[in-house]
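If you want the building blocks of each chain, they are given just below.
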Amino acid sequence: MTVGEALRAIDPREARMLLAATTGFSEASLLSSPERALAPDVARLFLQQVERRKSGEPIAYIVGRKEFYSLDLAVNPAVLIPRPETELLVDLVLQRKPASVLDLGTGSGAIALAIKKHLPAAQVAAVEASAAALAVAQRNSVKNGIEVEFLHGQWFAAVAGRRFGVIVSNPPYVAAGDPHLADLRFEPQYALVSGGDGLDAIREIVPLAPKHLAKGGWLLLEHGIGQDKEVRALLGRAGLESVQTWPDLAGIPRVSGGKVE
């Protein structure tokens, strides 16, 4: 098999990504030498990856990495694949320049590590209930040379008595039975699904957040399309002020939050 033949096996852009990961060559190098023959073992590995991709497995899991906020993160099926829209959460935290941050349900560590990279003086803690996911987050901490306090536990259980300038979370918010879950079948369902309307996790987090926020501190939550009105109502009932919603780059209401006075 030549490079040119490999690049025609599936969508060319995806083929370049897989082939670059398999061979160690840059995508530009592969394009410039389509006549280059692949070693038999490399060709076999590439074809295995092509079959995985044809089955619907995300590219990020096949190559084992994903970029988020300019960080190169390791990912595997124990963690959600970081999405570009989640970068809005990081933007909103950085705008507030808090002295301390708590990331609930950190998964791969993407949010916590991005915040710590850009706010190195901040104390950043990250909680995760899944030991397998926490191991991925810790690996990403070492890989990127960014030190974050990682804690194993469910939501606030691991930070009893502590307060933070910002609490941030991208919790599960997909409704059980949502047809889009079929497209997400390779990702951990516990990190996606949250009850009949997708809001069970947010209902757990919001009432407990105020006692873990410092004066003037913010709670910022990512949520799904059409959930912003109910999330704002939950924030208001918890006594948070300045409640509002921010859209992502596609104009979709993506993050809602409020602060304690």
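Below, the structure is looked at part by part. All values derive from a computational prediction rather than experimental measurement.

**What to know about the overall build of the chain**
Counting its secondary structure elements, the chain contains ten helices and nine strands. Across its three principal directions, the C-alpha atoms of the chain cover 65 × 40 × 30 Å. The proportion of buried residues among the 261 residues of the chain is 51%. Considering only contacts in the chain between residues 6 or more positions apart, those separated by 24 or more positions represent 61%. Accessible surface, the chain as shown: approximately 11900 Å² in total, 54% of it carbon and sulfur.

**Observations concerning unusual backbone geometry**
Generally, phi is negative for residues other than glycine and the peptide bonds are trans, each holding for most cases. Despite not being glycine, Tyr69 shows a phi value in the positive range, around 50°. Positive phi outside glycine occurs at Ser242, with the angle close to 50°.

**Here's the deal with the packing of aromatic side chains**
Enumeration over the complete set of coordinates arrives at two aromatic pairs. Ring geometry for Phe68 and Tyr69: centres 6.3 Å apart, planes at 45°, overall tilted. Comparing Phe68 with Tyr69, the two get one shared label, buried. Ring centres of Trp218 and Trp246 lie 6.0 Å apart, and the angle between their planes is 65°; this geometry places the pair in the edge-to-face category. Here Trp246 lies in strand β8 (residues 241–247) and Trp218 lies in strand β7 (residues 213–222), a separation of 28 residues in the sequence. Residues Trp218 and Trp246 agree in their burial class; the two are buried. Against the face of Trp218 rests Arg96, its NZ or CZ located 4.3 Å from the ring centre.

**Details of the layout of surface pockets**
Over the atoms rolls a probe the size of a water molecule, and its path tells where empty space is left. Its volume calculated, the largest pocket comes out at about 990 Å³. Taken together, 49 residues form the lining of the largest pocket, with Leu80, Pro171, Tyr173, Ala191 and Leu192 sitting closest to its centre. Of all elements in the fold, only β3 (100–104), α7 (110–118), β4 (123–128) and α9 (200–208) reach the threshold of two or more residues within the lining of the largest pocket. The element contributing the most residues to the lining of the largest pocket is α9, with three residues. Its residues assigned to classes, the lining of the largest pocket shows 26 nonpolar, twelve polar and eleven charged. Empty space within the second largest pocket amounts to approximately 430 Å³. Lining the second largest pocket are 18 residues, with Met17, Ile59, Ala60, Lys66 and Ile81 positioned closest to its centre. For the lining of the second largest pocket, the secondary structure elements donating two or more residues are α2 (12–23), α5 (59–63) and β1 (65–68). The class makeup of the residues in the lining of the second largest pocket is eight nonpolar, one polar and nine charged.

Conventions adopted
Residues numbered from 1 in each chain as written. Predicted model: local features only at pLDDT ≥ 70, side-chain atom pairs only at ≥ 80, totals over all residues. Heavy atoms only, no water. Helix = DSSP H or I, 4+ residues; strand = E, 2+ residues; numbered from the N terminus. Buried < 20%, exposed > 50% of the residue type's maximum accessible area, 1.4 Å probe, protein only. Contact = heavy atoms within 4.5 Å. Areas by Shrake-Rupley, 256 points an atom, 1.4 Å probe, with all protein chains shown as cover. Phe/Tyr/Trp six-rings, centres within 6.5 Å; stacked < 30°, edge-to-face > 60°. Lys NZ or Arg CZ within 6 Å of the ring centre and 35° of its normal. 1 Å grid on protein atoms, 1.4 Å probe; cavity = no way out; pocket = protein on both sides within 12 Å on 5 of 7 lines; lining within 4 Å. Points joined across faces, edges and corners; volume = space filled by probe spheres on them. Nonpolar A, V, L, I, M, F, W, Y, C, P; charged D, E, K, R; others polar.

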